[in-house]
Amino acid sequence: MLKFIVRRLMQLVLVVFVLSILLFAWLRALPGGVVSAMLGERATPKSRAALTEALGLNEPIPVQYLNFLERAVQGDFGVSTGVQTGRPALDIFLERFPATIELSVVALVLAISLAIPLGYLSARRSGGIIDNASILGSLVGVAVPVFFLAFLLKYWFAVELGWLPVSGRQSIGNATSVTGFFVLDGILTREWDAAWDSLKHLILPGIALASIPFAMIFRITRASVLDVLDEDFVRTAQAKGLSHRVVRGRHVMRNALLPVVTAVGLQMGLLLSGAVLTETVFNFGGVGSALEEAFRERDYPVLQVIVLVAAIAYVLVNLLVDILYALIDPRVRP
Amino acid sequence: MSMRKSAPLAAAAAVALVLSACAESERDGSGGGGGEGGSTFTFGAAGAPEVFDPFYATDGETFRITRQIFEGLVEVKPGSAELGPGLATEWEPSEDGKDWTFTLREGVQFSDGEPLNAEAVCANFERMANQNEAAQSGPAEYWAYSTGGFGKDSLYDGCKVEDEQTVVISVKRATSKFPALLSLSSFAMQSPKALEEGNANNVKTQGQGFVYPENSKNPVGSGPYLFEEYDEANKTVTIVRNDDYWGEKAKTEKIVFKIIPDESTRRQELEAGSIDGYDLPNPVDWKGLEEAGNKVEIRDPFNILYMGLNPESNPKLKDVKVRQAINYAIDRESLVSSQLPEGASAASQFMPEAVKGYNKDLEPYPHDVDKAKQLLKEAGAENLTLQFAYPSQVSRPYMPNPQKIHEAIANNLEAAGITVKATTKPWNGGYLDNVDAGQYDAWLLGWTGDYDSADNFVGTFFGNASANDFGTVEAGYGEQLAKELAEADGTVDEEERATKYEELNKKIAEEYVPGAPISHSPPAIVVSEDVEGLVTSPLTAEHFDTVTVGGE
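Nothing here was measured: the structure is a model prediction, and the numbers come from that model.

A. Quick peek at the overall build of chain B. For chain B, the count of helices and strands is 16 helices and 23 strands. By the compact-globule yardstick of 24 Å for 552 residues, chain B fits well, its C-alpha radius of gyration being 26 Å. In chain B, which comprises 552 residues, the proportion classed as buried is 58%. In chain B, 68% of the contacts between residues at least 6 apart in sequence involve partners at least 24 apart. Per element, the accessible surface of chain B, about 21300 Å² overall, is 45% carbon and sulfur. Positive and negative charge centroids in chain B, built from 47 and 90 side chains respectively, lie 6 Å apart.

Structure representation (structure tokens):
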């Protein structure tokens, strides 16, 4: 197992290295860039040239990349040229990261806690009302773009009904940041109002973001439970007169959950792409909205950090999923 | 359905109930934003501020904040583009227009207790003029652009203390932009002590960006508000009333700038009552916002949208008749009424009416397709094909929807027999670069003035003969026009200078025709119905100290 983990971690280093080259080359190959973003309509050829030289943008791209790599291995990923000019890109990422984690966890918990029971129920009562309604719901989840759902939710529940806040992570004046996870901060500092306020800000974006994993997890659970219910060992267990709870828990769900775990792992990676849109619609100050802002401003250092760390997170999550998988199903242990 | 199976439904219903209950209490709060009561003005900002040292900033979102904290020697009179007293109560040029004597306001202190005197003013100017290499290459952009650069390139020639309240600032040549450029937010006076302690000039490059010194995080000015906090995780900037302010104290205790990049979200936040106003509402929303009880304040336009023409890229454009034909082909009036917001007008010249030197006798080119066709025929350019570009991913005050404006103009050109090849690029994704590199035959761009000076418009566009987007030298009149512009700019007498610019505007419109001035669009700002006292500025440079919220 340890060997397996070490091998995967080495793969991770390789993946990140290759990705950093591709990313660096791709960003620099895009038209426009930081010079026009910083100077705007005012740019004269003289000021353009001065800025290009000062930032080392006139060097060949491989040289620029090596300079970047040299600094990056020392923990310096450059400073923002747009979102918050002059601040280290990594700091911006770290500051925004808790928001995205908070949002993703809420979305995933929402999705899992709805999708798995519903998937199970749908399979047990295949063709029934719950089954049909859930399938329809999951179809909507897959078919409706997340930003559109986000927009509808915001319009109805925040603007029209006024039940929930329109955007942001907290109402103004409610912040006491300890960890950066605002709900947790409210609990830690016993500022219940602040915790509740932050939670309210999470509900709509959480639901919007949950729509993607919900649909996927629901359908996989349903299909998987249907398969397992047909298996001989379930019939045997039932025939043996085992209690309903034991059959459901130990026999059906344990086996049915295997593909679900994989699906959840993959969904966690997809959450970031959903978060870009959700966070933008809800002005939720996370990594997703930072990515969008950085792209608009051609803020390459921030873009690079976000994409690279997201890639690392994605690979690590998948590693975790594999480990978890192995724990649930001894047959696949490496 | 058993109890257990209906649990999710019950839970959902319970959540909905709780939510609706808490929504009631949320709505009880005052409209003052964030439940802080009426003494807070909460403003939706479209972007994050760059740095809080205005000298290193170039963006409107930074200036919107620093404008409340800092003051310049010269300020723009509230509600207009005209210059008025700031920290200097009056100023007088020498006869040759090179030495300017400023009389400083008595009894002004920076918020750290330092006095505003002649020495403090000179400290500021010396600081601005003496930037290190890193700052000169980009961050000190406003100085570089407005004064021509640093050292021998700079317009600035020195600062002299006459007495405690009198200071003389010298420039190398008489120019219309001095002292107008002192009204720019970038050149506001900062506490010399804070500049020194904050190591203000220590800009460094790091990797492919700039790092700013401590001073840029801790602004100390003399204005009606003090900087309190930039909450980066929550995306808010808070400033509070300066109780020691020399003038009338600010009406609200606090202003919170809530950074909301998405325009529709800003509108919804206003509708939900969690902000009290925001800038540049989309013209299509103006009516709806007003119907909902908000105040959409339309400013006087201080901008120009133009279609640039580049004879280097398309040699047929070297012929002035072709350029005139394009001007006749454009139906400005219908463009203005169909694509631009209320209050917009067709342009006859490359500057708005508010600027001294505007020629009131000039009329916009009439829409005359036959004349256009005839001119094209005379020029032997009946089969003219024009690559005509517009930017995407952008909305500017002078150009709310570039694509639609482009479509309308392209239709006009086609009607006159010109074949249009439309092309587009994102604003920051190559458009500005390509315009600058002369890659388009024709393109849409515009300008919002920095201050009331003809030089800031026509001088910016055509003043540099060797490098401008219009290829004026290629078209044959570039050197001459640049010379004439410099002469007008250097005229000390204001009336005489205005007359020269008026004549020049006529010449540009009729003889030189570097492009087609299209329109002036008024940008709007919107506030909720309980906001009073906002004085709008054509330069979009509002001071918020007169604003009250909810009658408090």
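B. Just the interface of chain B and chain A, in detail. Taken together, the contact pairs 67 residues of chain B with 66 residues of chain A. Between chain B and chain A the total buried area reaches about 5600 Å² when both faces are included, carbon and sulfur atoms providing 53% of it. Per-residue buried area on chain B facing chain A is highest for Gln208, Gln268 and Asn428 of chain B; these three make up 13% of the total on that side. Connecting chain B to chain A are five salt bridges. The residue Asp153 of chain B makes a salt bridge to Lys46 of chain A at a minimum N-O spacing of 3.9 Å. The tally of links between chain B and chain A comes to 16 residue pairs in polar contact (both at pLDDT 80 or more). Per-element accounting of the side of chain B that touches chain A gives the leading share, eight residues, to helix H1 (residues 7-28) of chain B. Split into classes, the residues belonging to the side of chain B that touches chain A amount to 26 nonpolar, 21 polar and 20 charged.

C. Broad picture of the nonpolar core. Residue and element names in this part refer to chain B. Ranked by size, the top nonpolar core spans 76 residues in total, and within it Met307, Ile326, Ile409, Leu413 and Leu444 carry the most contacts. Each residue touching Leu413, except ones within four places of it in the same chain, is listed here: Met307, Ile326, Ala329, Ile330, Leu386, Phe388, Ile418 and Val420. Core analysis: the second largest hydrophobic core is formed by 54 residues, Ala88, Trp100, Phe102 and Ala140 among them.

D. Geometry of the sheet that holds strand S10 (residues 225-231) of chain B. All names here are of chain B. Read from one edge of the open sheet, seven strands run S10-S11-S12-S1-S13-S21-S14, paired in mixed fashion. Lying at the two open borders of the sheet, with one neighbouring strand each, are S10 and strand S14 (295-298). Ignoring which end each strand starts from, the neighbouring axes of this sheet average 20° apart. The pairing of strand S13 (residues 277-279) with strand S21 (residues 524-527) spans three bridges and is classified as antiparallel. In the strand pairing of S21, Gly277 is matched with Val527. Its contacts with the sheet place helix H2 (residues 60-69) against strand S1 (40-45), S10, strand S11 (236-241), strand S12 (254-259) and S13, and it is angled at close to 15° to S11. Contacts from helix H7 (residues 263-271) reach S1, S12, S13 and S21 within the one sheet, and its direction differs from that of S13 by about 160°.

E. Examining the packing of helix H5 (residues 89-124) of chain A against helix H13 (residues 300-328) of chain A more closely. Residue and element names in this part refer to chain A. Relative orientation of the contacting elements H5 and H13 amounts to 55°, with a least axis distance of 8 Å. One way to sum up the angle between H5 and H13 is to call them oblique. Considering only the axes of H5 and H13, their crossing is right-handed. Only Pro301, Val302, Val305, Ile306 and Val309 of H13 make contact with H5, whose side of the interface consists of Ala89, Leu90, Ile92 and Phe93. For the contact of H5 with H13, a count of residues per class yields nine nonpolar, no polar and no charged.

F. Representation of the sheet that holds strand S16 (residues 345-346) of chain B in the model. Residue and element names in this part refer to chain B. Pairing in this open sheet of six strands is mixed, and the strands run S16-S20-S15-S19-S17-S18 from one edge to the other. Each edge of the sheet is formed by a strand with only one pairing partner; in this case those strands are S16 and strand S18 (419-426). Across eight bridges, the pairing between strand S17 (residues 385-392) and S18 is parallel. Following the sheet pairing, Phe388 is matched in S18 by Ala422. Across the sheet, helix H12 (residues 402-415) lies against strand S15 (303-309), S17, S18, strand S19 (442-448) and strand S20 (515-520), angled at about 165° from S17, the strand it touches most.

G. Region of interest: the packing of H5 of chain A against helix H11 (residues 244-281) of chain A. All names here are of chain A. The N-to-C vectors of H5 and H11 enclose an angle of 140°; their axes lie 8 Å apart at closest approach. Here H5 runs over H11; the crossing is right-handed. Two secondary-structure elements touch here, H5 through Thr100, Leu103, Ser104, Ala107, Leu108, Ile112, Ile116, Tyr120 and Arg124 and H11 through His244, Arg248, Val252, Met253, Leu257, Val260, Val264, Met268, Leu271, Leu272, Ala275 and Glu279.

H. Geometry of H2 of chain B. Residues and elements named next belong to chain B. Most of H2 is tucked away: nine of the ten residues are buried. Among the residues of H2, those classed as buried are Glu61, Thr62, Phe63, Arg64, Ile65, Thr66, Arg67, Gln68 and Ile69. Turning to H2, the residues buried within the fold contact S1, helix H5 (141-147), S10, S11, S12 and S13.

I. Broad picture of the confidence of the model for chain B. Considering every residue of chain B, the mean pLDDT works out to 90; 93% of them sit at 70 or more. Here residues 1-38 of chain B is modelled with pLDDT under 50, and outside its nearest four sequence neighbours on either side it reaches 44 contacts, counting other chains as well.

J. Spatial organisation of the pairing of S19 of chain B. Residues and elements named next belong to chain B. Among the seven residues of S19, six are classified as buried, and the element is accordingly described as predominantly covered. For S15 and S19, the ladder comprises seven bridges, and the chain directions are antiparallel. Bridge pairing in S19 links Met307 to Leu444. Here S17 pairs with S19 via two bridges, running parallel.

K. Local environment of the side chain of Arg299 of chain B. Residue and element names in this part refer to chain B. Along the chain, Arg299 falls in the loop between S14 and S15. Residue class for Arg299 comes out buried when judged on its relative accessible area of 1%. One polar contact links the side chain of Arg299 to the main-chain carbonyl oxygen of Ala524, over a distance of 3.3 Å. Once residues within four sequence positions are removed from consideration, Arg299 is found in contact with Asp279, Leu280, Pro522, Pro523, Ala524, Ile525, Thr536, Ser537, Pro538, Thr540 and Glu542.

L. View of empty space enclosed by the protein. The final tally for this structure, using the stated rule, is nine cavities of 30 Å³ or more. Computed from the structure, the largest cavity encloses a volume of approximately 100 Å³. Lining of the largest cavity is provided by Met38, Leu39, Thr81 and Thr85 of chain A together with Glu50, Val51, Tyr56, Thr58, Gly138, Pro139, Glu141 and Tyr212 of chain B. Among the residues forming the lining of the largest cavity, the class breakdown is six nonpolar, four polar and two charged. If you add up the space inside the second largest cavity, you get close to 90 Å³.

Reading guide: rules and limits
- Residues numbered from 1 in each chain as written.
- Chains lettered and ligands numbered in written order.
- Predicted model: local features only at pLDDT ≥ 70, side-chain atom pairs only at ≥ 80, totals over all residues.
- Heavy atoms only, no water.
- Helix = DSSP H or I, 4+ residues; strand = E, 2+ residues; numbered from the N terminus.
- Rg over C-alpha atoms; globule rule 2.2 N^0.38 Å.
- Buried < 20%, exposed > 50% of the residue type's maximum accessible area, 1.4 Å probe, protein only.
- Contact = heavy atoms within 4.5 Å.
- Areas by Shrake-Rupley, 256 points an atom, 1.4 Å probe, with all protein chains shown as cover.
- Lys, Arg positive; Asp, Glu negative; His and termini not counted.
- Charge placed at Lys NZ, Arg CZ, Asp CG, Glu CD.
- Buried area = accessible area lost by both parts, 1.4 Å probe.
- Salt bridge = Lys/Arg side-chain N within 4 Å of Asp/Glu carboxyl O.
- Polar contact = N/O pair within 3.5 Å; in protein donor to acceptor, adjacent residues only side chain to side chain.
- Nonpolar A, V, L, I, M, F, W, Y, C, P; charged D, E, K, R; others polar.
- Core = buried A, V, L, I, M, F, W, Y, C linked by side-chain atoms within 4.5 Å.
- Pairing = 2+ DSSP bridges.
- Axes fitted to C-alpha atoms, helices over the stretch in contact; angles between N-to-C directions.
- Parallel < 35°, antiparallel > 145°, perpendicular 65-115°, else oblique.
- Left-handed = near helix turned anticlockwise from the far one by under 90°.
- pLDDT = per-residue confidence, 0-100.
- 1 Å grid on protein atoms, 1.4 Å probe; cavity = no way out; pocket = protein on both sides within 12 Å on 5 of 7 lines; lining within 4 Å.
- Points joined across faces, edges and corners; volume = space filled by probe spheres on them.

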